[in-house]
Amino acid sequence: KLIIFGNDFNYYEPIPLEKRVAAPEIAIYPYYSSKTFIKVYDTVDKSNPKIVRDISMDGDYFDSRMIGDYTYIIINQPFSLRDDVVPLPKIYRSGVAEETAPTDVYYFDVPDSSYRFVTMISFNTQNDAQDVQKSVYMMGYSENLFVSQNNIYVTHTKTLPYTYYTERLVEQVIVPLLPADIAIGVRNELKSDKPSYERMQSIQEMLAEYFNKLGDSGRAEFEKAVQQRMEQYYEELARETQKTVVHKIAVSNGNFEYKSRGEVPGTVLNQFSMDEYNGNFRIATTITSDFRSGATLNNVYVLDGNMNIIGRLE
């Protein structure tokens, strides 16, 4: 058998004004989409190879592995809004489309600013009559992959809204330096149900009023104190905000079974930064502890079968 993977890229014209239904701003500009194709050839007769499977999926080819007779393929599809709907991944068998039901998509209670549909498909390379298996997940953009004989580990960087970093900075660095009455006001704003931009605007006004009342020497002392706390707190903030999410999916004879999810501080270089040993998952990560100097911290974590951290070297 010969298995070929590739991508087809398609260009779409913007939707005409008169056909835009609910949101006139949608599809004003042309856009591109891609499909991953998988073609399987029977090459017993080398002079006359015959195609025995012709499969394609919405999204970009990410990676693949072969375990025994089964091939496993991972595909990333951007999470986008087209013509007032979010297209779900489709699989095409010899050109015939098969829809993905919304109830068949796994999702996780983890905020992210860059959602993707991650589709895993598998098939038996030696039995062309056996059906293709499919499993679809909504998660962050898949960046690295480690595959053992029994499990697929998919990693992506956890991304949080910019407001999260800003509010943590205010809470951990600036609030402890403020007089009690102003500190209480700032904390109340941070806990309020207002939109984030309104909260930050109110906090900026309170801080500006306090700052303007300080003399030159007072302002200089306050700025110095903020700088010192920033240096102390930045490493802790880096460990919290630079994180890798690891999803564990068990595989057996082409079937998928989602097992668990874990998080570790830092980012992963590549597949060789991960392995599985005695049922535990081991991963090496890097944290940028100071973007100004480029200083980094390196870590090794061990996670158990339920993806809980049971060992660390930081």
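Above this text is the structure in question.
To keep things clear, this report deals only with the structure shown in the data block. Sequence order sets the numbering: in each chain, residues are counted from 1 along the sequence as written. Thresholds applied to this predicted model are a pLDDT of at least 70 for local features of residues and 80 or more for the giving and counting of side-chain atom pairs; totals over whole chains, interfaces and linings are not thresholded and use all residues. Only hydrogens and water are set aside; all other atoms, that is, all heavy atoms of the structure, feed into the side-chain values.

Attention now goes to the overall build of the chain. Where helices and strands are cited, they refer to DSSP runs of H or I of at least four residues and of E of at least two residues respectively, numbered from the N terminus. Along the chain, the regular secondary structure elements total four helices and 18 strands. Categorising residues by exposure relies on relative accessible area from a 1.4 Å probe, with only protein chains included: less than 20% of the type maximum marks a residue as buried, more than 50% marks it as exposed, and the intermediate range marks it as partly exposed. Residues classed as buried in the chain amount to 41% of the 314 residues present. The contact definition used throughout considers only heavy atoms, calling two residues in contact when any of these lie within 4.5 Å. Taking the contacts inside the chain whose residues are at least 6 apart along the sequence as the reference set, 58% of them involve residues at least 24 apart. Here the Shrake-Rupley method, with its probe set to 1.4 Å, supplies the accessible areas, and only the displayed protein chains count as covering residues. On the chain, roughly 17,500 Å² of surface is accessible, and the fraction owed to carbon and sulfur atoms is 50%.

Let us now look at the pattern of salt bridges. In what follows, salt bridge is the name for a side-chain nitrogen of Lys or Arg lying within 4 Å of a carboxyl oxygen of Asp or Glu. Per the counting criterion, the structure on display carries 16 salt bridges. Measuring nitrogen to oxygen at the nearest pair gives 2.9 Å for the salt bridge that ties aspartate 63 to arginine 65. Assessed through its relative accessible area of 22%, arginine 65 is described here as partly exposed. Several salt bridges share partner residues, and in doing so they unite Lys158, Lys243, Arg261 and Glu263 into one network.

On to the packing of aromatic side chains, then. One pair of aromatic rings is described through two measures. These are the centre distance and the angle between the planes. Whether two aromatic rings pair depends on their centres lying within 6.5 Å, for rings of Phe, Tyr and Trp, where Trp uses its six-membered ring; planes under 30 degrees apart make the pair stacked, over 60 edge-to-face, and the rest tilted. Evaluated as defined, the whole model comprises twelve aromatic pairs. Among the aromatic residues, ring-to-ring pairing joins Tyr106, Phe108, Tyr137 and Tyr258 into one connected group. Positioned above the aromatic ring of tyrosine 92, the side-chain terminus of lysine 35 is 3.8 Å from the ring centre. The criterion is that NZ of a Lys, or CZ of an Arg, lies within 6 Å of the ring centre and within 35 degrees of the ring normal, and then a charge sits over that ring. A cation sits over an aromatic face here: lysine 39 above phenylalanine 37, 5.5 Å from the ring centre.

With seven of eight residues buried, strand S12 (residues 151-158) is to be regarded as a mostly interior element. A pair of strands is labelled paired if DSSP reports no fewer than 2 bridges between them. As defined by bridge partners, strand S11 (residues 144-147) adjoins S12 across four bridges and the pair is classed as antiparallel. Each bridged residue has a counterpart across the sheet, and for asparagine 144 the counterpart in S12 is threonine 155. The antiparallel pairing of S11 with S12 creates a hairpin that spans three residues between the two strands. Bridge count for S12 against strand S13 (residues 243-252) is eight bridges, and the pairing is antiparallel. Across the sheet, residue isoleucine 152 finds its bridge partner in S13, namely isoleucine 249.

Pairing in this open sheet of five strands is mixed, and the strands run S4-S5-S9-S10-S8 from one edge to the other. Pairing within the sheet leaves two strands with one partner each, and these edge strands are strand S4 (60-67) and strand S8 (105-107). Taking each pair of neighbouring strands and ignoring which way they run, the sheet shows an average axis angle of 20°. Sheet topology note: the S8/strand S10 (residues 133-140) ladder contains three bridges and is parallel. Across the sheet, the residue bridging to valine 105 is valine 136, located in S10. All axes here are fitted lines through C-alpha atoms, helices being fitted over the stretch that makes contact, and every angle between N-to-C directions spans 0 to 180 degrees.

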